[in-house]
Amino acid sequence: GGSAGAICWFDGGHSDSADPDSYRLSKLNEFERNAVSSSNETKRNNKDGDDGNSKDWEYIRVEGLGIWPGLICPHYDRIQSNGVPRMTDFD
């Protein structure tokens with residue numbers, strides 16, 4: 001997307017790739033959890049406190065190609081599903 005397209009040119013960037021609302025692997029895991037029909041498996045997941053709706057994640061810093069010096073923070077003025085403003089985490 002546009003965010004990764006912007007980050008790739010710099011030394012690095014501020015990424016929300018760990019956001020479970022947009023991270024592909026998380027979506028696949030959610031699908032697999034929903035496909036489980038065993039009530040024992042459901043009880044075990046609830047006992048562990050993992051209801052699949054966790055918003056506990058952190059922004060990450062990713063490397064770019066380094067063509068332009070510096071770090072970039074796409075969507076600097078946004079708040080993702082973890083409730084943390086990007087500008088606060090980036091600064």
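The structure we're discussing is the one just above.
Starting afresh in each chain, residues are numbered from 1 along the sequence in its written order. In keeping with the model being predicted, local features are shown solely for residues with a pLDDT of at least 70 and side-chain atom pairs are shown and tallied solely at 80 or more, while totals for entire chains, interfaces and linings include all residues. The basis for the side-chain values is all heavy atoms of the structure; hydrogens and waters are excluded.

### Structural notes on the overall build of the protein chain
Part 1 of the argument: Numbering of helices and strands starts at the N terminus; helices are DSSP runs of H or I of at least 4 residues and strands are runs of E of at least 2. Within the protein chain one finds four helices and three strands.
Part 2 of the argument: Its helices and strands in sequence order give the protein chain the pattern α-β-α-α-β-β-α, from N to C terminus.
Part 3 of the argument: Between buried and exposed lies partly exposed: a residue is buried under 20% and exposed over 50% of the maximum accessible area for its type, with that area taken using a 1.4 Å probe on protein chains only. Here the protein chain, with 91 residues, has 19% of them falling under the buried criterion.
Part 4 of the argument: Of the contacts made within the protein chain by residues no fewer than 6 positions apart, 71% connect residues no fewer than 24 positions apart.
Part 5 of the argument: Throughout, the Shrake-Rupley method with a 1.4 Å probe supplies accessible areas, and for residues the shown protein chains are the sole cover considered. As presented, the protein chain carries roughly 6500 Å² of accessible surface, and 51% of it is formed by carbon and sulfur atoms. Every residue pair with non-hydrogen atoms within 4.5 Å of one another is taken to be in contact.

### Topic: unusual backbone geometry
Part 1 of the argument: Despite not being glycine, His75 shows a phi value in the positive range, around 60°.
Part 2 of the argument: Checked against the element boundaries, His75 lands in the loop between strand E3 (68–72) and helix H4 (86–90).

### Some thoughts on the packing of aromatic side chains
Part 1 of the argument: Two rings belonging to Phe, Tyr or Trp (six-membered ring only in the last case) form a pair when the distance between their centres is within 6.5 Å. Interplanar angles under 30 degrees mark stacking, angles over 60 mark edge-to-face geometry, and anything in between is tilted. Scanning the model with the defined rule gives three aromatic pairs in all.
Part 2 of the argument: Considering the side-chain rings of Phe10 and Trp68, the 5.4 Å spacing of their centres and the 70° angle between planes classify their relative orientation as edge-to-face. Of the two residues, Phe10 sits in strand E1 (residues 10–15) while Trp68 sits in strand E3, which places them 58 residues apart along the sequence.
Part 3 of the argument: Using a relative accessible area of 18% as the deciding quantity, one classes Phe10 as buried.
Part 4 of the argument: A residue is classified by how much of its surface remains accessible, and Trp68, at 46% relative accessible area, is partly exposed.
Part 5 of the argument: A ring pair is formed by Tyr76 and Phe90, whose centres lie 6.2 Å apart and whose planes are at 90°; its orientation type is edge-to-face. Note that Tyr76 is positioned in the loop between E3 and H4 and Phe90 in helix H4, a separation of 14 residues in sequence.
Part 6 of the argument: On the accessibility criterion, Tyr76 (34% relative accessible area) is partly exposed.
Part 7 of the argument: Given a relative accessible area of 23%, Phe90 falls into the partly exposed group.
Part 8 of the argument: Within the aromatic cluster, the residues linked to one another by ring pairs are Trp9, Phe10 and Trp68.

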